[in-house]
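Secondary and tertiary structure notes
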Amino acid sequence: MIADYFASDTVQTALDILKTQFPIAIWETVYVTILSTAFSIIIGLPLGVLIVAGEDGKILKIPKAVLSVLNVIINLLRSVPFLILMIMVFPLTRLIVGTVVGTPASVVPLVIAAFPFVARLVESSLRELNPNIIEMAQSMGSSPFQIIAKVMIPESMPSLISNMTIALTTILGYSAMSGILGGGGLGKIAINYGYYRYQYLVMIFAVVFLIVLVQLFQSLGTYLATRTDKRLKNR
Amino acid sequence: MIEIQNLTKTFQTSGGTVEALKGISLTVEDGDIFGIIGMSGAGKSTLVRCINMLERPTSGNIIIDGKDMGKLSNKELREERRNITMIFQGFNLLMQRNCLKNVCFPLELAGVKKSEAVKRATELLNIVGLGDKLSSYPAQLSGGQQQRVAIARALATHPKILLCDEATSALDPQTTQSILSLIREIHDKLGITVIVITHQMSVVEQICTKVAILDKGNIAEVGQVSDVFAAPKSDAAKRLVYPEGYESSVSIQEDEKVFRVVFNGAMTTNKPMIAQMAIDLNIAANIKAASTQCIGDKAFGNMILGISGGEEELKKAMEYMGNMPNIHVEEIVK
Ligand SMILES: Nc1ncnc2c1ncn2[C@@H]1O[C@H](COP(=O)(O)OP(=O)(O)OP(=O)(O)O)[C@@H](O)[C@H]1O
Ligand SMILES: [Mg+2]
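Residues numbered from 1 in each chain as written. Chains lettered and ligands numbered in written order. Predicted model: local features only at pLDDT ≥ 70, side-chain atom pairs only at ≥ 80, totals over all residues. Heavy atoms only, no water.

So, about the overall build of chain B. Of the regular secondary structure elements, chain B holds 11 helices and 14 strands. Taking 334 residues into account, the globule formula puts the C-alpha radius of gyration at 20 Å, and chain B, at 22 Å, falls close to it. The principal-axis extent of the C-alpha atoms belonging to chain B is close to 70 × 50 × 35 Å. Evaluated residue by residue, chain B yields a buried proportion of 53% over its 334 residues. Restricting the contact set of chain B to residue pairs at least 6 apart, pairs at least 24 apart contribute 70%. (Helix = DSSP H or I, 4+ residues; strand = E, 2+ residues; numbered from the N terminus. Rg over C-alpha atoms; globule rule 2.2 N^0.38 Å. Buried < 20%, exposed > 50% of the residue type's maximum accessible area, 1.4 Å probe, protein only. Contact = heavy atoms within 4.5 Å.)

What follows is about the sheet that holds strand β6 (residues 84-88) of chain B. Residues and elements named next belong to chain B. Within the open sheet, the 6 strands sit side by side as β6-β7-β8-β3-β9-β10. Their pairing is mixed. Unpaired on one side and paired on the other, β6 and β10 (218-224) mark the two borders of the sheet. On average, each strand axis in the sheet is inclined to that of its neighbour by 15°, with strand direction left out of account. Direction of pairing for β6 relative to strand β7 (residues 161-165): parallel, over a ladder of 5 bridges. If you follow Met 86 over to β7, its bridge partner there is Leu 163. Against the sheet, helix α5 (residues 143-155) engages β6 and β7, with an angle of about 175° to β6. (Pairing = 2+ DSSP bridges. Axes fitted to C-alpha atoms, helices over the stretch in contact; angles between N-to-C directions.)

Below, the discussion takes up the site of ligand 1. All names here are of chain B. Ligand 1 sits among 13 residues. The nearest are Ser 40, Gly 41, Lys 44, Ser 45 and Thr 46. A distance of 3.2 Å separates an oxygen atom of ligand 1 from a polar backbone atom of Ala 42. If ligand 1 stood free it would expose 630 Å²; the protein chains cover 61% of that surface. Among the elements of the structure, β1 (2-13), β2 (16-28) and α1 (44-51) are those that each provide at least two residues to the shell around ligand 1. Among the elements that line the shell around ligand 1, the one with the most residues is α1, at 3 residues. (Near = heavy atom within 4 Å. Polar contact = N/O pair within 3.5 Å; in protein donor to acceptor, adjacent residues only side chain to side chain. Areas by Shrake-Rupley, 256 points an atom, 1.4 Å probe, with all protein chains shown as cover.)

Where the parts come together, the accessible area they lose is often given as the size of the interface. In this assembly, 24 residues from chain B lie in contact with 25 residues from chain A. Summing the contributions of chain B and of chain A, the shared interface buries around 2200 Å²; its carbon and sulfur component is 58%. Our count for the chain B to chain A interface comes out at 2 salt bridges. In this structure, B:Glu108 and A:Lys150 form a salt bridge, with 2.9 Å as the shortest nitrogen-oxygen distance. The interface formed by chain B and chain A contains 9 residue pairs in polar contact (both at pLDDT 80 or more). Counting residues per element, the side of chain B that touches chain A draws most heavily on helix α3 (residues 99-109) of chain B, which supplies 4 residues. Per-class residue counts for the side of chain B that touches chain A are 13 nonpolar, 4 polar and 7 charged. (Buried area = accessible area lost by both parts, 1.4 Å probe. Salt bridge = Lys/Arg side-chain N within 4 Å of Asp/Glu carboxyl O. Nonpolar A, V, L, I, M, F, W, Y, C, P; charged D, E, K, R; others polar.)

A few words on the sheet that holds strand β4 (residues 59-64) of chain B. All names here are of chain B. Taken in spatial order, the 4 strands make up an open sheet running β2-β1-β4-β5, and their pairing is antiparallel. Strand pairing shows two members of the sheet lacking a second neighbour, β2 and β5 (67-68), which therefore form its edges. For β4 and β5, the ladder comprises 2 bridges, and the chain directions are antiparallel. The partner of Ile 64 across the bridge, within β5, is Lys 67. Running at roughly 120° to β1, α1 makes contact with β1, β2 and β4 of the sheet.

Another point: the nonpolar core. Nonpolar side chains in soluble globular proteins generally cluster together in the buried interior. Counting 55 residues, the largest nonpolar core has A:Met152, B:Ile4, B:Ile62 and B:Ile195 as its most contacted members. If we skip the residues at most four places from it in the chain, B:Ile195 touches B:Ile2, B:Val28, B:Phe34, B:Ile36, B:Ile51, B:Leu162, B:Leu163 and B:Cys164. (Core = buried A, V, L, I, M, F, W, Y, C linked by side-chain atoms within 4.5 Å.)

Below, the discussion takes up the pattern of salt bridges. Per the counting criterion, the structure on display carries 21 salt bridges over all chains. Ionic pairing is found between B:Lys210 and B:Asp32, a salt bridge with its closest N-O pair at 3.0 Å. With a gap of 178 residues between them, B:Lys210 in strand β9 (residues 210-215) and B:Asp32 in the loop between β2 and β3 (33-38) connect regions that are remote in the sequence. Where B:Glu55 meets B:Arg49, a salt bridge forms, and the shortest distance between an N and an O atom there is 2.7 Å. Here the two residues B:Glu55 and B:Arg49 agree in accessibility, since each one is buried. Where salt bridges share partners, they join A:Glu55, A:Arg120, A:Glu123 and A:Arg127 into one cluster.

Moving on: the layout of surface pockets. Of the voids in this model, the largest pocket is the one considered here, and its volume is about 890 Å³. What lines the largest pocket is a set of 31 residues, and nearest its centre among them are A:Gly57, A:Lys58, A:Ile59, A:Ile134 and A:Gln138. Considering only residue class, the lining of the largest pocket consists of 13 nonpolar, 7 polar and 11 charged. Each pocket or cavity is described by its volume, and for the second largest pocket that value is around 660 Å³. Ranked by residues supplied to the lining of the second largest pocket, first place goes to helix α7 (residues 201-207) of chain B with 5 residues. Here the residues of the lining of the second largest pocket sort into 14 nonpolar, 14 polar and 4 charged. (1 Å grid on protein atoms, 1.4 Å probe; cavity = no way out; pocket = protein on both sides within 12 Å on 5 of 7 lines; lining within 4 Å. Points joined across faces, edges and corners; volume = space filled by probe spheres on them.)

Of all residues in chain A, 98% attain a pLDDT of 70 or more, and the chain-wide mean is 92. Model confidence for chain A, summarised as mean pLDDT per element, is weakest for helix α1 (residues 2-7) of chain A at 73 and strongest for helix α9 (residues 144-155) of chain A at 97. (pLDDT = per-residue confidence, 0-100.)

Now for the state of the cysteines. Where two cysteines share a covalent bond between their sulfur atoms, that bond is called a disulfide. Here the structure, examined in full by the defined rule, presents 0 disulfides over all chains. Here B:Cys208 stays free of any disulfide, with the sulfur of B:Cys164 as its closest cysteine sulfur at 9.0 Å. (Disulfide = S-S within 2.5 Å.)

Moving on to the packing of aromatic side chains. Residue and element names in this part refer to chain A. For the structure on display, the rule yields 5 aromatic pairs over all chains. Ring plane angle 55° and centroid distance 5.5 Å describe the contact between Phe 22 and Phe 209, whose orientation is recorded as tilted. Pair noted here: Phe 22 is in helix α3 (residues 22-54) and Phe 209 is in helix α12 (residues 200-228), with a separation of 187 residues, a long-range link. On the basis of relative accessibility, which here comes to 30%, the residue Phe 209 falls in the partly exposed class. (Phe/Tyr/Trp six-rings, centres within 6.5 Å; stacked < 30°, edge-to-face > 60°.)

Written out as structure tokens, the structure reads:
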């Protein structure tokens, strides 16, 4: 029975697809995820820093109105469901990439969806910092920029790494979702074969690889976060 | 010289306004080790934070060597802060940097060349006795060692003034002793002005030359430590100077002379001091109040002894006690 099943056409096609299409799909998923995370950090990190450093004018003198606007934008973007956001940013995607389908095109909506999330994660990491440390830096004559670059970010590094790992794995999930609307990678395979052609086995393969990728990224992130953390004794 | 003129600070909170400082005027001379002591909430931290403008005064001036701190531009203030460094109750070390890099931190801020910074930091860590911990991280150090790193860091930029906000409050009595001696040593060697904020009498007694007693945002008393402690005038001072439960108004007889015995880590040998004094000098002392604590085999705290008799007996008794190591005595003037 079982041997029959494995010899069946379904399984054979699935294995074929696994061999021919998966390597590229995995690569696409990985590079879209990493690229999107990188861009999200490039936009989200400074935003998170501004929000924390500008609060009550403690480190940076940023007008309250500017901060409120930033917060509203972040909240707005965070409340739009990803697939709808993807459709909404089609014009922008077309402007930047030239097309709205394909793997590179999905980077744009992913970044738009993820940078507000990254900004919030950065904000929460920076808020964990003991305020006395910042006061110490001020008492020694730090400029606002020095406080950010030499104290806030380096001292929060382990927490930032953990949180950026969360961002990365979340973006990985979104990138799979983008397969519905023209995105490439494992998500596209899962939807094309599993949903449109009822080849559940292919879908399961895709899901297994997504799980493995999440596990890999998460383990790597946790490893880096603990390794950089000098607060842990006995090393 | 630090001149504090009519300093007030009010905080607006949701619960109303808090007047933390209500018109403080104080002068700290160069080379002083100046103690500021008061109960919790008296405004000590607020006062010391006003000195380097971490807290902007509501009114009044802070003038350091003729410069009005409140009138400096941000850039000038940052430069001035290299001359007025600070150590804290919680040490406030950068946890992701090792000791050497922590001490380098203020030098980095000042734009000192890396090789020079490392040289200076190594030198300072040797001075504070941590020459073998250069590459250790703060989490690997004890509280006392962390405070030593913080002291080294505070000295890196050759400051003229060192502010210590409850620098020993998180440490056990023995470590407190060693940190206080270190501060004293540094003061003597470098001649810097030190301001010591504390709620502990013993700290002031051990290292300060002058003291101001802060009570609910006001200066209750200020003067030489020996004067203030020998004859505290204000209630706030009396509360601090006398052991708990001692009321100077009660229980002193007409013909009784009283003096205070302060233990700064005196060895508590098995010798009963008071009984021994009775035998050696034939003077009987009455313990009016005492608050002492033994740590290991050392005693800390103070005791008030009453002697009936004349000046002569008092003098002899004080000399007897005062000659013991790590004990000092003060007459209490009624
Ligand atoms: N940022 C602030 N906002 C509101 N109130 C404050 C603030 N800082 C201090 N206060 C209030 O000012 C008063 C003095 O506080 P301060 O911290 O100077 O006391 P302290 O003498 O240092 O006490 P402690 O020994 O407990 O450290 C307190 O009533 C405190 O609640
Ligand atoms: Mg305080």
